[in-house]
Amino acid sequence: AQAETIWKPANMARVHAQLIVSRALVATSFPVGAAITHGLEPAMLILLRFALASLLFAPFVYLRHGLALPRPRALAGYAVISGCLVVFFWCMFTALRTTTALNTGAIVTLVPGIAAIYAAILVRERLGAHRMVALGCGLVGALWVVFRGDFDRFASLTLNGGDLIFFAGCLALGLYGPLVKRFHRQEPAAVMTFWVLVMGTGWLVLINHSAIWRMDWGAIDATVFAGIAYLAVFTTIISFYVAQHATLHIGPTRSSSYSYLTPAMVVAIEFLAGKGLPTLAILPGVVVIFVATFVVQRGGKAEEGPIGRQL
């Protein structure tokens, strides 16, 4: 009864609003990541990002829920979820050394469709024909924005080894939402987020155990640490929490469909950074993205519903 009282339409609207803000934060991770990726090895960058996020998030989780060690089965689930994230971020930082933001922006638009396939298999999420069409339209709209409505630009796209690495990362990222839904055991989303970060840190310590001691930490530029701190707070703690919280209430496909907004938000960020406005040619793509995202959100309610106390 308590959950039914809490989860009114206004609360669901707040979930969707949080997802929009979260996607805006995620959009900033691409330019920030590109700016610092040459400062450290990819696995070390991700280790510092996860470790710092875990330390900063720990006091909040402790004060709200305590930090009791989860049962082994729950920890195993968190380890699998975090493994998907570790693979994706390693692939992203590695790919950005040999490919362009344009290419990665195009490839990442495949994630909602990949997540929808995983969700249908792992959590039996029913998409329906209209949602499948909407996902396809969202992909087209996002690609339209990525290529600025220029078909010649799309036709001249050449893929390289870095793009294949990033695509492998996107295959791993697509598993994230369905696995969150699969392994959730009624714990608050903040607790799940924290232990996913901790287990991800554990994976990365295993990967980097010798490099940690060999690293000349004093030689690393301060801007790299600043970038890591930004990524830890805004595109790790906040975006991970929002993604898991939303997935538990509106389902993996509906949650991941908001990533179609990322290219348009990257365009907005570039404008705010002084790179000017794109041509009006991207406007049809933006319209298609918003319409497609709305249609996906209007999809079936079977996966939507209160999970319990989440904050």
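Data block above holds the structure.
Since the model is a prediction, treat every value here as computed from it, not as a measurement.

**Section: the overall build of the chain**
- Helix and strand counts for the chain stand at 15 helices and 0 strands.
- A globule of 311 residues ought to have a C-alpha radius of gyration of about 19 Å, and the chain, at 19 Å, matches this closely.
- If one aligns the C-alpha atoms of the chain with their principal axes, the spans along those axes are about 55 × 55 × 35 Å.
- Relative to its 311 residues, the chain shows a buried fraction of 50%.
- Sequence-distant contacts, at least 24 apart, represent 93% of the contacts inside the chain between residues at least 6 apart.
- Summing over all exposed atoms, the chain offers an accessible surface of approximately 14,600 Å²; the carbon and sulfur share of this is 71%.

**Considerations on the side chain of Thr-28**
- Mapped onto the secondary structure, Thr-28 falls in helix H2 (residues 9–36).
- A distance of 2.7 Å separates polar atoms of two side chains, one belonging to Thr-28 and the other to Tyr-230.
- Excluding anything up to four places from it in sequence, Thr-28 contacts Tyr-230, Thr-235 and Ile-269.

**Focus on the environment of Thr-236**
- By the secondary structure assignment, Thr-236 is in helix H12 (residues 222–250).
- Beyond its immediate sequence surroundings of up to four residues, Thr-236 is in contact with Arg-49, Ala-53, Leu-197, Leu-231 and Tyr-241.

**Description of helix H10 (residues 176–183)**
- Taken together, the buried positions of H10 are Tyr-176, Gly-177, Pro-178, Leu-179 and Val-180.
- Buried residues belonging to H10 abut helix H4 (72–95), helix H6 (111–122), helix H9 (161–174), helix H11 (189–214), H12 and helix H13 (252–256).

**Some words on the pattern of salt bridges**
- One pass over the structure, following the stated rule, counts 1 salt bridge.
- One salt bridge connects Arg-97 with Glu-41, and the closest N-O pair in it is separated by 3.8 Å. Placement of the pair is Arg-97 in the loop between H4 and helix H5 (101–107) and Glu-41 in the loop between H2 and helix H3 (42–65), with a sequence separation of 56 residues.

**Observations concerning a nonpolar patch on the surface**
- A surface patch of nonpolar side chains, amounting to about 350 Å² of accessible area, comprises Tyr-62, Leu-63 and Leu-67.
- Within the secondary structure, Tyr-62 sits in helix H3.

**Some words on the packing of H9 against H10**
- Closest axis-to-axis distance for the H9/H10 pair is 5 Å, and the angle between their directions is 25°. It follows from the interaxial angle that H9 and H10 lie roughly parallel. Here Ala-172, Leu-173 and Gly-174 of H9 lie close against H10, whose contacting residues are Tyr-176, Gly-177 and Pro-178.
- Tallied by class, the residues present in the contact of H9 with H10 amount to 4 nonpolar, 2 polar and no charged.

**Description of unusual backbone geometry**
- Not every positive phi belongs to a glycine, and Gln-186 is a case in point at roughly 75°.
- Positionally, Gln-186 belongs in the loop between H10 and H11.
- Of the residues examined, Gln-186 reaches a relative accessible area of 57% and is grouped as exposed.

**Points about the side chain of Ser-29**
- Within the secondary structure layout, Ser-29 lies in helix H2.
- Relative accessible area serves as the criterion here: at 6%, Ser-29 is assigned to the buried category.
- Separated by 2.6 Å, the side chain of Ser-29 and the backbone oxygen of Val-26 make a polar contact.
- Look past the residues within four positions of Ser-29 in its chain and what remains in contact with it is Leu-231 and Thr-235.

**Let's talk about the packing of aromatic side chains**
- Per the counting criterion, the structure on display carries 9 aromatic pairs.
- Their ring planes at 50° and their centres at 5.8 Å tell us that Phe-88 and Phe-166 sit as a pair that is tilted. Here Phe-88 is found in helix H4, whereas its partner Phe-166 is found in helix H9, with 78 residues between them in sequence. As far as burial versus exposure is concerned, Phe-88 and Phe-166 are alike and both buried.
- Taking the centre distance of 5.2 Å and the plane angle of 75° together, the rings of Phe-194 and Trp-195 count as edge-to-face. Like Trp-195, Phe-194 is buried.
- A network of ring pairs unites the aromatic residues Phe-50, Phe-88, Phe-89, Phe-166, Tyr-176 and Phe-240 as a single cluster.
- Its end group placed over the ring of Phe-89, Arg-49 keeps NZ or CZ at 4.1 Å from the ring centre.

**Remarks on the environment of Met-199**
- Along the polypeptide, Met-199 turns up in helix H11.
- Judged by its relative accessible area of 23%, Met-199 is partly exposed.
- Remark: the alpha-carbon pair of Met-199 and Val-86, spanning 113 residues in sequence, is separated by 9.9 Å.
- Excluding its chain neighbours within four sequence positions, the residues that come into contact with Met-199 are Leu-75, Tyr-78, Ala-79 and Ser-82.

About the criteria used
Residues numbered from 1 in each chain as written. Predicted model: local features only at pLDDT ≥ 70, side-chain atom pairs only at ≥ 80, totals over all residues. Heavy atoms only, no water. Helix = DSSP H or I, 4+ residues; strand = E, 2+ residues; numbered from the N terminus. Rg over C-alpha atoms; globule rule 2.2 N^0.38 Å. Buried < 20%, exposed > 50% of the residue type's maximum accessible area, 1.4 Å probe, protein only. Contact = heavy atoms within 4.5 Å. Areas by Shrake-Rupley, 256 points an atom, 1.4 Å probe, with all protein chains shown as cover. Polar contact = N/O pair within 3.5 Å; in protein donor to acceptor, adjacent residues only side chain to side chain. Salt bridge = Lys/Arg side-chain N within 4 Å of Asp/Glu carboxyl O. Patch = residues over 30% accessible without salt bridge, like charges linked within 9 Å, V, L, I, M, F, W, Y side chains within 5 Å. Axes fitted to C-alpha atoms, helices over the stretch in contact; angles between N-to-C directions. Parallel < 35°, antiparallel > 145°, perpendicular 65-115°, else oblique. Nonpolar A, V, L, I, M, F, W, Y, C, P; charged D, E, K, R; others polar. Phe/Tyr/Trp six-rings, centres within 6.5 Å; stacked < 30°, edge-to-face > 60°. Lys NZ or Arg CZ within 6 Å of the ring centre and 35° of its normal.

Everything listed here is a matter of coordinates, which is why it stays silent on function.
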